[in-house]
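# Fold and contact review
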Amino acid sequence: MDKRLLILTFLYLSATAVHADNGGDGNTQHTPDLGFEEKVTSGHAVQATIGWGIIKTSIPNAWTDSDPTSGFDWSVGYSWIADKRHDTFLGPLQFGTGFLYSGYEKGGQEEFIYEDRLFKPDARFTWQYFAPQFITKFVTYSKVWSFQLNVGAGLAVSDYRDVEVISKSNRHNTKAGIGYNVTLGACMNVTKHLDVIGSLGLTGGRIGQTFYNRQNPSFTQTDPTKFCHRLSLNIGFSYKF
């Protein structure tokens, strides 16, 4: 009887030790390692996007095959987000600074009659913008999604190139002025350092650019477009380091 009691006691103690080594209930299933690393939500990052831009300003022009107010849009930027977080009921809020370079370009063909001859010179309109940024970043608690608001003011530069009819020489008219931008971006984290981003931005600039129209056969300048606004819809990536 004593031997049976000793054996039962030994088995009970052995089972208890195994239970402890397994971390509790022997039927507990451990969450598999899916390879997700800790997400980076602060520090330095570089971004690059491409997309389509629409200029929300009327531009007088002599283009016949397209319109200079819709074209290729791109941006390259740098950002720094502080470690300090301000908790909200939806997720932490962070702040930072950065720098933005964005561009827009569209090419086309003008058409008009001069001295009873039909001319179709090529033309190209570009718009570039450089500005420091103030950044507000909201990160969801899952850290998979984050949203970022960039606001800045800087330098807007526009350039209109075409061919002068009489001399057949290339010419361009470059203007610069004060600009601004407001950009809202959504970021989806795919690795520890890489995000896929989509952005909707509004950029404006007081550039005083001059264009030409087909009702002006002598090819003199029209009244300058004082202020331009550009709406951009882009997609790209952000690399954090």
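Everything here concerns the structure above.
So, a few notes on the structure that sits alongside this text. (Residues numbered from 1 in each chain as written. Predicted model: local features only at pLDDT ≥ 70, side-chain atom pairs only at ≥ 80, totals over all residues. Heavy atoms only, no water.)

## Concerning a nonpolar patch on the surface
On the surface, I50, W52, I54, F72, L149, V151, V182, L184, L200, L202, L231 and L233 cluster together into a nonpolar patch covering about 1,100 Å² of accessible area. Of all the secondary-structure elements, those providing two or more residues to the nonpolar patch are strand 1 (43-55), strand 8 (145-163), strand 9 (170-189), strand 10 (194-205) and strand 11 (228-240). A total of 3 residues in the nonpolar patch trace back to one element, the largest contributor, which is strand 1. Mapped onto the fold, L231 is located in strand 11. (Patch = residues over 30% accessible without salt bridge, like charges linked within 9 Å, V, L, I, M, F, W, Y side chains within 5 Å. Areas by Shrake-Rupley, 256 points an atom, 1.4 Å probe, with all protein chains shown as cover. Salt bridge = Lys/Arg side-chain N within 4 Å of Asp/Glu carboxyl O. Helix = DSSP H or I, 4+ residues; strand = E, 2+ residues; numbered from the N terminus.)

## Considering the packing of aromatic side chains
Scanning the model with the defined rule gives 5 aromatic pairs in all. Arranged with centres 6.3 Å apart and planes meeting at 25 degrees, the rings of F95 and F134 form a pair that is stacked. Of this pair, F95 sits in strand 4 (residues 92-109) while F134 sits in strand 7 (residues 122-139), and the two are 39 residues apart along the sequence. On the basis of relative accessible area, F95 is assigned to the partly exposed category, the value being 31%. Pairing Y104 with F125 gives two aromatic rings, centres 6.2 Å apart and planes at 65 degrees, and the pair type is edge-to-face. Here Y104, found in strand 4, pairs with F125, found in strand 7; they are 21 residues apart in sequence, far enough to count as distant. Of the residues examined, Y104 reaches a relative accessible area of 0% and is grouped as buried. Here the guanidinium or amino end of R230 rests over the ring plane of W127, the centre of that ring lying 5.0 Å away. (Phe/Tyr/Trp six-rings, centres within 6.5 Å; stacked < 30°, edge-to-face > 60°. Buried < 20%, exposed > 50% of the residue type's maximum accessible area, 1.4 Å probe, protein only. Lys NZ or Arg CZ within 6 Å of the ring centre and 35° of its normal.)

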